[in-house]
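What the coordinates show
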Amino acid sequence: MAKARDIEGLQADMPFEKAAAATVAVRAEELFEQSENVLDTTDIERVHDMRVASRRLRAVLEIYAPCFPGDQFKPLLREVKDLADALGERRDPDVLLDRLATLEAALPKANAPGIEAFAAPVREEQQRGNETLAAALERAERTNLKGRLALLAASAVEPSDEEVPEAAEAAVAALASDDGESERPTGDGAARA
């Protein structure tokens, strides 16, 4: 799995909006760095790495939401979530096919036709997921999601004192309701949010 980059210059005592700008910019860059060859169904880790990067970006967007103009922020967050959903549609069958291959390798060759009977519809689901992901990537390219996220990061402003705790509570709630595959920061990783 691709390791999250440290956020250069991120300090506990820096202004919230500066932390927002730096963190969102880096996490957005990471998302698009992971997109190379993501449609290659023979290397399922590429999808996993991009999906984790999308979840990291979503988390920091939600944490720093008060720093961004709502009219720009809300559509971008929705697009990041949509891209993450498309990555999930491709990732789920990838994982199942990988587990079926592991099972097939452990069982006698006589069981191969049975494993293949399970794998065939999952391969079709993987193909449909790949088509969904291809459309989502094309949409992100067409709408310049990368550039718009960079502009959003650069637009960070100081939030009011009330907005920061509300955003933190909302982000914690969103992470708690997540379906589990995202990486949770712990220890020194929390500083890398």
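In this report, we go over the structure that sits alongside the text. (Residues numbered from 1 in each chain as written. Predicted model: local features only at pLDDT ≥ 70, side-chain atom pairs only at ≥ 80, totals over all residues. Heavy atoms only, no water.)

Focus: the layout of surface pockets
In this structure, the second largest pocket spans a volume of roughly 160 Å³. Taken together, Phe 32, Ser 35, Leu 137, Ala 140, Glu 141, Asn 144, Leu 145 and Lys 146 make up the lining of the second largest pocket. Going through the elements one at a time, α4 (112-142) and α5 (145-154) are the ones with two or more residues in the lining of the second largest pocket. (1 Å grid on protein atoms, 1.4 Å probe; cavity = no way out; pocket = protein on both sides within 12 Å on 5 of 7 lines; lining within 4 Å. Points joined across faces, edges and corners; volume = space filled by probe spheres on them. Helix = DSSP H or I, 4+ residues; strand = E, 2+ residues; numbered from the N terminus.)

A look at the packing of helix α1 (residues 16-33) against α5
Two quantities define a packed helix pair, namely the angle between the helix axes and the distance between the axes. Look at α1 against α5: their axes get within 8 Å of each other, and the N-to-C directions meet at 170 degrees. Our classification of the angle between α1 and α5 gives roughly antiparallel. Contacts from Ala 21, Val 24, Ala 25, Ala 28 and Phe 32 in α1 reach Leu 145, Lys 146, Leu 149 and Ala 153 in α5. (Axes fitted to C-alpha atoms, helices over the stretch in contact; angles between N-to-C directions. Parallel < 35°, antiparallel > 145°, perpendicular 65-115°, else oblique. Contact = heavy atoms within 4.5 Å.)

Side note on the nonpolar core
If you look at the biggest cluster of nonpolar residues, it comprises 32 residues, and the most contacted ones within it are Val 24, Leu 57, Leu 61, Phe 68, Leu 83, Leu 133 and Leu 149. For this core, the secondary structure elements donating two or more residues are α1, α2 (44-63), α3 (70-106), α4 and α5. The leading source of residues in this core is α3, at 7 residues. Judged by nonpolar contacts, the second largest core, of 5 residues, contains Leu 97, Leu 100, Ile 115 and Val 122. (Core = buried A, V, L, I, M, F, W, Y, C linked by side-chain atoms within 4.5 Å. Buried < 20%, exposed > 50% of the residue type's maximum accessible area, 1.4 Å probe, protein only.)

Points about the side chain of Ser 155
Note that Ser 155 resides in the loop between α5 and α6 (163-176). According to the relative accessible area criterion, Ser 155 is buried, its value standing at 19%. Of the polar contacts made by the side chain of Ser 155, one reaches the backbone oxygen of Leu 152; its length is 2.7 Å. Contacts of Ser 155, omitting those with residues within four sequence positions, involve Cys 67, Phe 68, Pro 69 and Gln 72. (Polar contact = N/O pair within 3.5 Å; in protein donor to acceptor, adjacent residues only side chain to side chain.)

What to know about α5
Those residues of α5 that fall on the buried side of the exposure criterion are Leu 145, Leu 149, Leu 152 and Ala 153. Seen from one end, α5 has its buried residues packed into an arc of 100 degrees, which puts them on one side. Turned more than 90 degrees from where α5 packs its buried face, Leu 151 and Ala 154 sit exposed. As for α5, its buried residues are in contact with α1, α2, α3 and α4. (Arc of directions from axis to C-beta.)

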